[in-house]
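Breakdown of the fold
Spelled out, the chains give:
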Amino acid sequence: MNTVEHMDQMYRYQRHIYDLTRKYYLLGRDTLLERMPVQPGDRILEMGCGTARNLEKLARRHSEVELYGVDASNEMLLTAKQKLARTPYAQQIHLKQGLAEEVHYQHLFALDEPFDTVFYSYALSMIPPWREALAQGLANLKPDGDMYIVDFSQQEQLPAWFRRVLRSWLAWFDVYPNPDLPDHLRELKATGGIDFEWTCVKKDYAFIAHLKKGQEYQG
């Protein structure tokens, strides 16, 4: 079973209750959206947009930007499109099926230049080739553009029993918090052209990372 088939199977029924249930443990998403610098005319891409919950919130706040979303699951995108059709934002939010590690702004969205902002909301912990997905996000980002990541952290400040229960629960949904991500970001910074900031959410339950792509970044 390939990635798309697997994701569609996982979310075929979950998609109907996804937004209702995830709000209790996907913490920090709204904080990320509030921190995101948005200017009129910006193009913003979410990798792993799911039901477009985050994109809809951005559209409510910023009518003057163009929003784009990519997700591996056709089932999740079906819910997203049905939901957006009942809002004023259907024309502002552009959704496509695809894998984060393969996205290209020209090929997928027929755009003439990369995005001003790319973000991942609890997506990298679900993507086995997360390094490739992150690299592709940077490749789709303008020089001086911003990248944001919110995801599960290692919960080292939380009780051991809580970590065990949470990790077991997340594994049911093929979610695996990544201990190697901070070191990988430091490596990117050391090679030049990338700077980043790391903020803990709820005592290391989750994190928000902000990457800045410099003019000298070579990829």
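Residues numbered from 1 in each chain as written. Predicted model: local features only at pLDDT ≥ 70, side-chain atom pairs only at ≥ 80, totals over all residues. Heavy atoms only, no water.

1. A closer look at the pattern of salt bridges
One pass over the structure, following the stated rule, counts nine salt bridges. The partner of Glu113 in a salt bridge is Lys142, with the nearest N and O atoms 3.2 Å apart. Taken together, the residues Glu113 in the loop between helix 6 (105-109) and strand 4 (115-121) and Lys142 in strand 5 (residues 141-152) connect sequence positions 29 residues apart. In this structure, Lys189 engages Asp195 in a salt bridge whose closest nitrogen and oxygen atoms are separated by 3.2 Å. A residue is classified by how much of its surface remains accessible, and Lys189, at 42% relative accessible area, is partly exposed. Here the residues in one salt-bridge network are Glu56, Arg60 and Lys83, joined through shared partners. (Salt bridge = Lys/Arg side-chain N within 4 Å of Asp/Glu carboxyl O. Helix = DSSP H or I, 4+ residues; strand = E, 2+ residues; numbered from the N terminus. Buried < 20%, exposed > 50% of the residue type's maximum accessible area, 1.4 Å probe, protein only.)

2. Some words on the sheet that holds strand 6 (residues 194-201)
Pairing in this open sheet of seven strands is mixed, and the strands run 3-2-1-4-5-7-6 from one edge to the other. The sheet is open, and its two borders are formed by strand 3 (93-97) and strand 6, each paired with just one other strand. Geometrically, the sheet is characterised by an average inter-axis angle of 15° between neighbouring strands, direction not taken into account. Where strand 5 lies against strand 7 (residues 206-213), seven bridges are found, and the strand directions are antiparallel. (Pairing = 2+ DSSP bridges. Axes fitted to C-alpha atoms, helices over the stretch in contact; angles between N-to-C directions.)

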